[in-house]
Each structure stands twice: as structure tokens, then as C-alpha cells.
Amino acid sequence: MEPESRPESLIVTLIAAGRLSAGDAALASDALAGAGAAVKGWDWLDQGDALDLTVGGIGARAARGVLEAALGHVDVVAQPAAGVRRKRLLVADMDSTMIQCECIDELADYVGLKPQVAAITEAAMRGELDFAEALRARVALLAGMPVATLDECRRERVRLMPGAVALVRTMAANGARTLLVSGGFTAFTGPVAAEIGFASAQANVLLVADGRLTGMVAEPIVDAATKRAALLGAGVPIEATLAVGDGANDIPMIEAAGLGMAYHAKPKAAAAADAQVRVGDLTALLWAQGYRRAEWVVS
């Protein structure tokens, strides 16, 4: 994400699957005009779901702020019209982004410690705790857990986020590299990446002895710096990269990406992002890139 600079021509995508109307385009136009911007036209991507406004005279972050305030039921993505809209690299977080839970919290539930562990997770994701130290503290509470519980937890608790398969497989089918980089654990990222269709996955390794967790995690820990390095080291021009996550440890990669997206995120991550999905699911990231529903790959 680049700092706000002089206004340039923008594509502003409004997204509200099944609920978007021409009236919303009119409200958006009025709100932008009130902020001194000029709406040059608009077109449906998919009628009732998503549309593009062509806007001038306002910066992307300012446009986002105006429209999020005016249209609470709509996700808003504002980006330079001259940029690379269809990205060639996706780097994604897993927990609460590509799947609907925090795996370590669910593991803790099997030993009756979910409230304690979830409280640490929440504080870490808000950026109130050091991620690595918080991870070590939570993993220590799992010492003695049978390894078989990891698979049991994955089968019983892990569900894909709506839109995850469509997002990853559509981008891959159009030539993008797709990387799942998680501060979670390989016992989950491997199967999740395969199910969704990611090209590769990177995560932390839980150490095991005699068929049980030792309460330790292999070093070095996969953390915020790892995620950012994965994005910057992929060999793809920055403007052609997309990063998505929900927590504080996703902020460095979100800020580094050509399009940094926060997904139903903690406040610090949402503030750091170029745009946020606060209403819809992960298919919003396809509309943001100009993919129409007919182009989606869903199987």
C-alpha cells in the first residue's frame, strides 16, 4: 500500500452480493460529489452484486472513507484505474481468513482451555501482544495432546471461508501464484491449501515426541515478517500483488502489497489496508479485480 498522493483516476468497486442497486450507485455518486470528486460513469460487473465507478478528483483512501460511511451495507474497493487490476500473486492468511476459525483456539477446546487461549489469540491479533511470544505461550498449554487430535480437530472444526475456493482457483486459472502463509500450523495448512487449491503453504511446525505434542513449536516461527518476505520474495511486481488477512500479524504484508485487503479484520489491520471486506465473503476480492461471476472457477 502506497501513501495517499495527488488524486488520480480511480476504479471504485461497490460490492453487495444480491443487494446492490442502481440507487446505491446514485448514492455513491452523490457522496463522492459532496467530497469534491467527479464520477465519470459506472458499469455493472454483475447486476445486483457488484459495479465499477470511474472516479476522478479524489484519492483512493479518501474515496473509501466517504463511501464506507455512506453505504454501510456495501464493500468498497478503490484503486488506481491505471494499475494492474488482475493480480499475479495472492498471499493469504489462513485462520479467520481462508477458514472460519482459529485453529489453536479449537485445539485448546479439546483440553478445556479454549477461553484462556482464545483471549490470548484475540489480544495478539489486535496487536496488543508480541505474536511469537503469544504463540509459544498458547502452544505450551497443548503439551501432552495426542497428535491424532490435530486431525480430529481439522475434520470436526475447520470449515472453509465462503468464496475461498473461487478466489484461489480463479486467480490460479488466470496465471496467478497463490501462497498460503500462516502463523498457524502445518497440520492444518497442508490439507486446507490442498482443498482450496493453493500452490504452496507455509506455517509453523508443532514439535512431537512419543505421539504427543511437546508444547513447543519449531523455530524460526512463521510470523508477520515471514508473510511480508513471502510477498516481496515472489518475484512479482508489487503493483501486481494481492495480500489478504485479518489480524495485526498480517499488517506488514498488507501494507507491502499492491492491493492490501483486510477481511472482517481487527481495527489495526482494517486501518492499514487499502480496502476491507466488512460485509461480504472472499468473492469480493474477485469483483475487486474485475472478474465477473461467469469467469469464476468454483471447482
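Going by the structure above, here's the rest.
Reading the values: the criteria
- Residues numbered from 1 in each chain as written.
- Predicted model: local features only at pLDDT ≥ 70, side-chain atom pairs only at ≥ 80, totals over all residues.
- Heavy atoms only, no water.
- Phe/Tyr/Trp six-rings, centres within 6.5 Å; stacked < 30°, edge-to-face > 60°.
- Lys NZ or Arg CZ within 6 Å of the ring centre and 35° of its normal.
- Axes fitted to C-alpha atoms, helices over the stretch in contact; angles between N-to-C directions.
- Helix = DSSP H or I, 4+ residues; strand = E, 2+ residues; numbered from the N terminus.
- Parallel < 35°, antiparallel > 145°, perpendicular 65-115°, else oblique.
- Left-handed = near helix turned anticlockwise from the far one by under 90°.
- Contact = heavy atoms within 4.5 Å.
- Polar contact = N/O pair within 3.5 Å; in protein donor to acceptor, adjacent residues only side chain to side chain.
- Core = buried A, V, L, I, M, F, W, Y, C linked by side-chain atoms within 4.5 Å.
- Buried < 20%, exposed > 50% of the residue type's maximum accessible area, 1.4 Å probe, protein only.
- Salt bridge = Lys/Arg side-chain N within 4 Å of Asp/Glu carboxyl O.

### Digging into the packing of aromatic side chains
Applying the stated criterion to the full structure yields two aromatic pairs. The aromatic ring of Tyr291 is capped on one face by Arg86, whose charged end is 3.9 Å from the ring centroid.

### Re the packing of helix α6 (residues 148–157) against helix α8 (residues 186–196)
Here α6 crosses α8 at 45 degrees, and the two axes come no closer than 10 Å. With respect to their mutual orientation, α6 and α8 come out oblique. The hand of the α6/α8 crossing is right-handed. In contact with Leu150, Cys153 and Arg154 of α6, α8 contributes Ala187, Phe188 and Pro191.

### Here's the deal with the side chain of Asp49
Considering the arrangement of structural elements, one finds Asp49 in the loop between β2 (38–46) and β3 (50–56). Of the polar contacts made by the side chain of Asp49, one reaches the backbone nitrogen of Gly18; its length is 2.6 Å. Apart from the residues within four sequence positions on either side, Asp49 is in contact with Leu14, Ile15, Ala16, Ala17, Gly18, Leu20, Trp44, Trp287 and Arg293.

### Observations regarding the nonpolar core
Leu90, Met98, Phe188, Phe198 and Met261 are the most contacted members of the largest nonpolar core, which totals 62 residues. Sorting elements by how many residues they give to this core places helix α7 (residues 164–173) first, with six residues. Ignoring anything within four residues of it in the chain, the contact list for Phe198 reads Leu90, Ala92, Met98, Val168, Thr178, Leu179, Leu180 and Ala193. Of all hydrophobic cores here, the second largest spans 21 residues; its members include Leu10, Leu20, Ala31 and Leu71.

### A short note on the pattern of salt bridges
Applying the stated rule across the entire model yields 16 salt bridges. The closest approach of N and O atoms between Asp109 and Arg157, which form a salt bridge, is 3.1 Å. Highlighted residues: Asp109 in helix α3 (residues 103–109) and Arg157 in helix α6, separated in sequence by 48 residues. The class for Arg157 is partly exposed, based on a relative accessible area of 27%. Members of the salt-bridge network, linked through shared partners, are Glu122, Arg126, Glu128, Asp246 and Lys266.

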